[in-house]
Amino acid sequence: MTLSVKAQENGSPEVRISPLEPEFLSKQLSWSAAFYMHPEATVIVDLSGKIIGCNQSYMELCGCHSGDELLGQSITRFIKEDEYSRVIETLNGNKSRIAGLEVNFSAVDGRKILVEVSASFVKDSNEEPVGVILAVKDITERKSLIERLLQEKRMFDILMDSIPDAIYFKDANSRFIKINKPKALRMGLKSPDEAIGKTDFDFYHEDFAREAYEDEQRIMRTKEPLIGKVEEVKGRDGRVRWVSATKIPILDENGRVVGLVGISRDITDLKLMEKKLEHACMELKERVEELQRIRRELERSNRELENYTYVVSHDLKTPLRAIRSFISFLLEDYGDKLEGEGLEYLRRIDAAAARMNEFIEDLLLLSRVGRKFMEVERVDLNELLDEIVQDLKPIIESKKAKVIVSKLPVLYIQRVWIKQLFTNLVDNGLKFNKSEVPTVEVSCEETPSKYIFRVRDNGIGIREEHLGRLFNLFERLHSGEEYEGTGAGLAICKKIVEGWGGKIWAESVFGKGSTFSFTIPKKYGRCEG
Ligand code: ADP
C-alpha cells in the first residue's frame, strides 16, 4: 500500500492512491477528511521543514484564514529553528515518535503561544522518512492552571507546616494520607511521609488509637464533625499529652465521604495549669472551710464568754449591792462610834465597792453589745446628737465647752448602740480636754460604700506610741484621780462599730487634740439596711 501526502491548495493533505483500489480510496478519503477536521492542530512538513499540509485547527492556531498563507512556508517561521532541530534530533535518535515536547510557538500575528508538540516521521513505501507530521497543542491555559495549582499547593504546604497545630488527612479507613510537620514531630517521625498509609495504631497506645478510630468511623458514617474534643493522648512509651481535637469529614462531589481532616492543638500546658489551679482551688476550699470552722468555733466561744461575762457581772451586782447597803448601815448606825482609821477604812471600802460597781456596769454593757436583741430603727443622727448634747449639758456647762455638729445622715440602725458610741466619743473629747474652750466637732463624710464619721477635739491628745492600745478593755492612759472612768468606753465603741462591719481608729497630736474616726457601711443608710 502506498501513502503519499501532497498539499492541496487549501492546505489539507492530499493522499495519492491507486485508482484500481476503490475500497482503499474511500478509506483514504475519510482519513483525509478526518485529518482536516481533527481538533488537534496538525501540520505536515517535508524533510527540509517546508509545510506541505495542515489542518483547520493549525490554521487557527497560526491565526491564518487559508492554507495558502502557510503552504511552502518553513516551519521555523512558527517554531524557532533550534527548537525544531531538537524535534528532528529526537526523532532521529531512534525514536520515530515523540510526544509532549514543550515548545514556544509564534503565530502569524506575533502571538507567543506555549505549545506541546507530538511528532512522527511520514515514511514512504520503503520505510524511508519523507516528511514529519507534527501535532501542536496550545497548553497556555493548562500551564497557567498548573502554575496556579502549584502556587496554591505551595501556600497550602506553608500553611500546613507553619501552624503549630497538628494537621492530618485520613482516608475512609482512618489511614494517614498526609500529615504536617508538627504532627510528624509529635509522632516522633523524621518526615511526614513516614506516616502515609499507617494508622494511629502504629504510633499510639492501643486504647487511645481505638477510641480515635471509633470516633472517626462515626464521624464518617454520620457526616457529623467532632469539634474541640479534649483527648488524653497516650504515646506507645506511655507518655501522656492533652489535645483539643477537631475532626471534619471530607466529601467528594457526589457527597460521599472519602476521608477526614483533623486538627489537634496541644493543650498539655493548659491542662497542667488547670490541674494545678484545681489543686490550688481544692486547697483553698479546704483552708476556707477550716477558717470557717475556726470562725464558728470562735463565735461560739465568744458567745459563751459573753454569756458568761453577762451572767457573772449580773450575779456579782447583787452581793455588791448588799455589801454597799451594809456599809451605808454601818456608816449611819455606827459612824459616830468609829473614829480615825476605822472610819477612813470604811469609806475606802465604800469607794472601792462603788468603783467595782462601775466596772461591773461596763462589763454588762460590753457583753450586751454582742447580744443582738436590739431592733433596728430610723435614727436621725442630727436629732440624736442634740439629745447627747442635752445629756452632757452638766459637763459642757461646767467646762464652758462647745460641741459643733455638722449635717449628719439618717441611719437605720440600733439606736441604743449608736447613741452609746457617740456619747462615749463626745464625752471623752470633753473629758480629756484642758483647753480654754474645750471644743468637740462631729462630722460625716460619705463615700460610695460607707459613711466616715469623725469626732475631733482640741484636748490633751495622745502620744503616738499609745494609740495602738486605746481600744483594749480597761486600758487607761491616765490615772483615776486625774480623769475618772474605767477604760471600757473605747472597747465598747470598737465592739459596736465592728458589729456593723465598720472600723474605728484614732489620730492625735499630743497636746493639741485627737480625732476618733469610725466607718459604717452604706447599707445602714437604707431602710432595709
Ligand atoms: P475611760 O474614758 O473610761 O478612761 P476609754 O476607753 O473611753 O475609757 O478611754 C481609754 C483611755 O484613752 C482613756 O483613759 C484616755 O487615757 C484615752 N482617751 C480616750 N479618749 C481620749 C481623748 N479624746 N483624748 C485623749 N485621750 C483619750
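This is a predicted model, so every value here is computed, not measured.

Quick notes on the rules
- Residues numbered from 1 in each chain as written.
- Predicted model: local features only at pLDDT ≥ 70, side-chain atom pairs only at ≥ 80, totals over all residues.
- Heavy atoms only, no water.
- Helix = DSSP H or I, 4+ residues; strand = E, 2+ residues; numbered from the N terminus.
- Rg over C-alpha atoms; globule rule 2.2 N^0.38 Å.
- Buried < 20%, exposed > 50% of the residue type's maximum accessible area, 1.4 Å probe, protein only.
- Contact = heavy atoms within 4.5 Å.
- Areas by Shrake-Rupley, 256 points an atom, 1.4 Å probe, with all protein chains shown as cover.
- Pairing = 2+ DSSP bridges.
- Axes fitted to C-alpha atoms, helices over the stretch in contact; angles between N-to-C directions.
- 1 Å grid on protein atoms, 1.4 Å probe; cavity = no way out; pocket = protein on both sides within 12 Å on 5 of 7 lines; lining within 4 Å.
- Points joined across faces, edges and corners; volume = space filled by probe spheres on them.
- Nonpolar A, V, L, I, M, F, W, Y, C, P; charged D, E, K, R; others polar.
- Core = buried A, V, L, I, M, F, W, Y, C linked by side-chain atoms within 4.5 Å.
- Arc of directions from axis to C-beta.
- Near = heavy atom within 4 Å.
- Polar contact = N/O pair within 3.5 Å; in protein donor to acceptor, adjacent residues only side chain to side chain.
- Sits in = over half its atoms within 2 Å of the grid points.

(A) Inspection of the overall build of the protein at higher detail. For the protein, the helix and strand inventory stands at twelve helices and 19 strands. In summary, the protein has a C-alpha radius of gyration of 56 Å against a globular reference of 24 Å for 529 residues, an excess of more than 25%. Counting across all 529 residues of the protein, residues that qualify as buried make up 37%. The contacts of the protein with a sequence gap of at least 6 include a subset with a gap of at least 24, amounting to 54%. Carbon and sulfur atoms make up 53% of the accessible area of the protein, which totals about 31,900 Å².

(B) Spotlight on the sheet that holds strand S10 (residues 226–234). Pairing within the open sheet is antiparallel, and its five strands lie in the order S9-S8-S12-S11-S10. Only two strands of the sheet have a single partner each, and these edge strands are strand S9 (176–179) and S10. Here the average twist between neighbouring strands, direction ignored, is 25 degrees. Strand direction decides the pairing type here: strand S8 (residues 166–171) and strand S12 (residues 257–266), joined by six bridges, are antiparallel. Within S12, the residue paired with lysine 170 across the bridge is leucine 260. Seen against the sheet, helix H7 (residues 268–334) touches S10, strand S11 (240–251) and S12 and runs at an angle of roughly 130 degrees to S11.

(C) Region of interest: the layout of surface pockets. Computed from the structure, the largest pocket encloses a volume of approximately 770 Å³. Looking at the lining of the largest pocket, the elements with two or more residues in it are helix H8 (341–370), helix H11 (415–431), helix H12 (489–499) and strand S19 (513–521). Per-element tally for the lining of the largest pocket: the top contributor is H11, with six residues. Looking at the lining of the largest pocket residue by residue, the classes come out as ten nonpolar, eleven polar and nine charged.

(D) Local environment of the pairing of strand S17 (residues 450–457). In the sheet, strand S16 (residues 439–446) pairs with S17 via seven bridges, with the strands oriented antiparallel. Paired with valine 442 across the bridge in S17 is valine 455. Where S16 folds back onto S17 in an antiparallel hairpin, the turn is made up of three residues.

(E) Broad picture of the nonpolar core. Ile418 and Phe422 are the most contacted members of the largest nonpolar core, which has 44 residues in total. Residues within four places of isoleucine 418 in sequence aside, it is in contact with Val379, Leu381, Leu384, Leu411, Ile413, Trp500 and Ile520. Among the nonpolar cores identified, the runner-up in size contains 31 residues, and Ile51, Phe78, Ile79 and Val132 belong to it.

(F) The arrangement of empty space enclosed by the protein in detail. Tallying each qualifying case throughout the model produces one cavity of 30 Å³ or more. The computed volume of the largest cavity comes to approximately 130 Å³. Lining of the largest cavity is provided by 17 residues; of these, Tyr168, Lys183, Tyr204, Phe208 and Ser264 occupy positions nearest its centre. Looking at the lining of the largest cavity, the elements that each hand over two or more residues are S8, helix H5 (181–186), helix H6 (206–222), S10 and S11.

(G) Summary view of helix H9 (residues 381–391). Of the residues making up H9, those classed as buried are Leu381, Leu384, Leu385 and Ile388. On an axial view of H9, the arc spanned by its buried residues comes to 95 degrees, and they lie on one face. Exposed residues on H9 whose side chains face more than 90 degrees from its buried face are Glu383 and Asp386. Packing partners of the buried residues in H9 comprise strand S13 (376–380), strand S14 (402–405), strand S15 (410–414), H11, S16 and S17.

(H) Up close: the site of the ligand. Not every one of the 21 residues close to the ligand is listed here, only the nearest: Asn428, Asp457, Arg476, His478 and Leu490. Arginine 476 places a polar side-chain atom, nitrogen or oxygen, 2.8 Å from an oxygen atom of the ligand. Between glycine 489 and the ligand, the recorded distance is 3.2 Å, taken from a backbone N or O atom to an oxygen atom. Isolated, the ligand exposes 520 Å² of accessible area, and the fraction of that covered by the protein chains is 97%. Applying the majority rule of atoms within 2 Å of the grid points places the ligand in the largest pocket.

(I) Spatial organisation of the sheet that holds S16. Read from one edge of the open sheet, five strands run S14-S16-S17-S19-S18, paired in mixed fashion. Looking at the sheet topology across the chains shown, the edges are occupied by S14 and strand S18 (504–509). Adjacent strand axes in the sheet meet at a mean angle of 15 degrees when their direction is disregarded. Of the pairings in the sheet, the one linking S17 to S19 comprises seven bridges and is antiparallel in character. In the strand pairing of S19, lysine 450 is matched with proline 521.

All we've got here are geometric facts, nothing functional implied.
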